[in-house]
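Take a look at the letters that make up each chain.
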Amino acid sequence: MKREKIVSVLARTEPARGLTVCGWIRTRRDGKDVSFLEINDGSSLKNLQIVVDPGAVGQDLLRRLTTGASVRAVGDLVPSLGAGQRLELRTREVELLGAADPESYPLQKKRHGFEFLRTIAHLRPRTNTFGAVMRVRGELSFAVHEFFQSRGFVPMHTPIITASDCEGAGEMFTVTSLPPDRLAGPDPFAEDFFGKRAYLTVSGQLNAEAAATALAEVYTFGPTFRAENSNTARHLAEFWMIEPEMAFCDIHDDMDLAEAFMKHLVARVLERCADDLAFLDQWVDKTLLATLRNTLESDFVRLDYTEAVEILKRSGRAFEFPVEWGHDLQSEHERHLTEQHFGRPVILTAYPKEIKSFYMRVNDDGRTVAAMDVLVPRIGEIIGGSQREERYDVLTARMAELGLPLEPYSWYLDLLRFGSVPHAGFGMGFERMVMFATGMTNIRDVIPFPRYPGHAEF
Ligand code: 4AD
Ligand code: MG
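Notes on the structure in this doc start here. Computed from a prediction, not measured in an experiment: that's the story for all the values here.

1. Here's the deal with the sheet that holds strand 14 (residues 368–376)
Across the sheet, eight strands lie side by side as 6-10-11-16-15-14-13-12; this open sheet has mixed pairing. The sheet is open, and its two edges are formed by strand 6 (154–156) and strand 12 (301–304), each paired on a single side. Each strand axis lies, on average, 20° off the axis of its neighbour in the sheet, ignoring direction. For strand 6 and strand 10 (residues 217–225), the ladder comprises three bridges, and the chain directions are parallel. For Pro155, the partnering residue across the bridge sits in strand 10 and is Tyr219.

Written as structure tokens, this is what we have:
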């Protein structure tokens, strides 16, 4: 179907004859001898006003041109007499592609709550807010590939089905082809498809490390799955993660990359999603544009975990969770540091080894590891990464300490046995980045079809 996208029609400055547009009707207003349709085709936040002559299209058709219906219209773009738009489309021909019964179409013209919209996730991209969020998400995804590929990082497709638990946190979904009645017994998975228990991946990192020890600079951008039962506004059971991995690099290079990466993503959405961000700034979070600009302009704070704990203890704030050296920071602590105390993004490093994963490089003090978390306002942790332990003896000792069996990780240990190099990387939760860039406060509202405890609809 030949058509011009509404975004490009709206960008025209001169009248034009014989344009064809398609879209969904957002509203219809009827005047005397004339009707106005606002139509949207998803290419922009703004609608195109279409002027229909009821005499020409006929009352029968006009009655069916209701909110939610899809249409194709042919007409001339002319200066608008009304306020609110420069140009409008005077139509000669309107074709109803698909009607939408006004009695049952759930998206009538009014503001709907995000919770309600979650129950109709298949229709919510038709609202202004979700259309804007999905366009910003799309630009971010493009900007991710642009950032890494322009720097020579090789994109890697790491496996989605895996037998190793990268984070060692035991929050994995099992993948099986066995019927439920064969899942009993001491080792049912020996008979299973892979001959052993397999899972959905929680991270592509270990595979990316293997690639980085050959290609030096690689990244993955894929889906990851965690069966953590944290019913929070920042966790999903299925989310997308970007994981770069670099050989011949230390924790400082890692932090530099993370900061440059964040700034690139923010710069790109500010540049390419101006209308959508202005809308989100007005209706969703009034501090959105200021926060994004501030991220772009400020140097990220770099701070040891130990100093962060001191700052939090001195803050005098009554946190829900106590602050104690050796405990993981909660999102309220992270947000205090980045929002109240520093007012800009913060990169925390040198975490106690007890609260971090087995692969992180042990610092000379023997108590901390070369981990780094990037914390941003409203979200808290958006990136988690580290320099990796490249010393075979240190890593195997640490795995023994943690009670991790060596056998399943033998291929990973090979990377340290043969040509081991200092290397580092990180993981950015893509949905947390979309939250940060849109001002949305619930992670379930920045992914098209969210999966979380009790929910795998659509
Ligand atoms: O800090 P995490 O667990 O780090 C890793 O998985 C490393 N293997 C990454 C690496 O070094 N290559 O997760 C990384 C990021 C977090 O900072 C957070 O933004 C996001 O992934 N994340 C989640 N996002 C949504 N829902 C969840 N359940 C998430 N868990 C982590
Ligand atoms: Mg983390």
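2. A closer look at helix 12 (residues 392–401)
Every buried residue belonging to helix 12 is among Leu395, Thr396, Arg398 and Met399, and all of these are buried. In a view along the axis of helix 12, the buried residues occupy a sector of 160°, so they form one face of it. Among the exposed residues of helix 12, those oriented more than 90 degrees off its buried face are Asp393, Ala400 and Glu401. Looking at the buried residues of helix 12, the elements they touch are strand 14 and helix 13 (410–417). Gly403 sits one or two positions beyond helix 12 and adopts a positive phi of about 70°.

3. A few points about the side chain of Ser386
Among the secondary structure elements, Ser386 is positioned in strand 15 (residues 380–387). Among the residues examined, Ser386 registers a relative accessible area of 0% and is labelled buried. Looking at Ser386, its side chain comes within polar contact range of the side chain of Arg388, at 2.7 Å. Contact partners of Ser386, with chain neighbours within four places excluded, come to Ile251, Asp254, Tyr359, Met360, Ala370, Ala371, Met372, Ala424 and Gly425.

4. Some details on the packing of aromatic side chains
Inspection of the entire model under this criterion finds 17 aromatic pairs. A ring pair is formed by Phe221 and Trp240, whose centres lie 6.1 Å apart and whose planes are at 90°; its orientation type is edge-to-face. On the criterion of sequence distance, the pair formed by Phe221 in strand 10 and Trp240 in strand 11 (residues 238–247) is long-range, its members being 19 residues apart. Residue Phe221 is classed as buried on the basis of its relative accessible area, which comes to 17%. By relative accessible area, which is 31% here, Trp240 ends up partly exposed. With a centroid separation of 6.3 Å and an interplanar angle of 75°, the aromatic rings of Phe358 and Tyr412 are classed as edge-to-face. Here Phe358, found in the loop between strand 13 (346–352) and strand 14, pairs with Tyr412, found in helix 13; they are 54 residues apart in sequence, far enough to count as distant. Residues Phe358 and Tyr412 agree in their burial class; the two are buried. Among the aromatic residues, those joined into a cluster by ring pairs are Phe147, Phe148, Phe153, Tyr219, Phe261 and Phe426.

5. Details of the side chain of Glu431
Considering the arrangement of structural elements, one finds Glu431 in helix 14 (residues 430–438). Given a relative accessible area of 1%, Glu431 falls into the buried group. Among the polar contacts made by the side chain of Glu431, one reaches the side chain of Arg137 at a distance of 3.0 Å. With residues near it in sequence (within four places) discarded, Glu431 still touches Arg137, Leu236, Phe239, Trp240, Ile443, Val446 and Ile447.

6. Let's talk about a nonpolar patch on the surface
Residues Ile160, Ile161, Phe193 and Phe194 make up a contiguous nonpolar surface patch of about 400 Å² in total accessible area. Take Phe193: it is sitting in the loop between strand 8 (174–175) and strand 9 (198–200).

7. What to know about the pairing of strand 3 (residues 48–52)
For strand 3, the tally of buried residues reaches five of five residues, placing the bulk of the element in the interior. Residues of strand 3 alternate between two faces, with Leu48, Ile50 and Val52 on one and Gln49 and Val51 on the opposite face, all of them buried. With five bridges connecting them, strand 2 (residues 34–40) and strand 3 associate as antiparallel partners. Paired with Leu37 across the strands is Ile50, a residue of strand 3. Two elements, strand 3 and strand 5 (residues 87–98), share two bridges in a ladder whose sense is parallel.

8. A short note on the pattern of salt bridges
If you walk through the whole model with that rule in mind, you get 32 salt bridges. The residue Glu209 makes a salt bridge to Arg388 at a minimum N-O spacing of 4.0 Å. Linking Glu209 in helix 6 (residues 205–215) with Arg388 in the loop between strand 15 and helix 12, this pair joins segments that are 179 residues apart in sequence. This pair shows no difference in class: Glu209 is buried, exactly as Arg388 is. Taking the shortest distance from any N to any O, the salt bridge between Glu339 and Arg335 comes out at 2.7 Å. One end of the pair, Glu339, and the other, Arg335, are both in helix 11 (residues 331–341), four residues apart, so they sit about a helical turn from each other. For Arg335, a relative accessible area of 31% corresponds to the partly exposed category. Among the charged side chains, a network of salt bridges with common partners joins Glu139, Glu146, Arg268, Glu271 and Arg272.

Definitions and limits used
Residues numbered from 1 in each chain as written. Chains lettered and ligands numbered in written order. Predicted model: local features only at pLDDT ≥ 70, side-chain atom pairs only at ≥ 80, totals over all residues. Heavy atoms only, no water. Pairing = 2+ DSSP bridges. Helix = DSSP H or I, 4+ residues; strand = E, 2+ residues; numbered from the N terminus. Axes fitted to C-alpha atoms, helices over the stretch in contact; angles between N-to-C directions. Buried < 20%, exposed > 50% of the residue type's maximum accessible area, 1.4 Å probe, protein only. Arc of directions from axis to C-beta. Contact = heavy atoms within 4.5 Å. Polar contact = N/O pair within 3.5 Å; in protein donor to acceptor, adjacent residues only side chain to side chain. Phe/Tyr/Trp six-rings, centres within 6.5 Å; stacked < 30°, edge-to-face > 60°. Patch = residues over 30% accessible without salt bridge, like charges linked within 9 Å, V, L, I, M, F, W, Y side chains within 5 Å. Areas by Shrake-Rupley, 256 points an atom, 1.4 Å probe, with all protein chains shown as cover. Salt bridge = Lys/Arg side-chain N within 4 Å of Asp/Glu carboxyl O.

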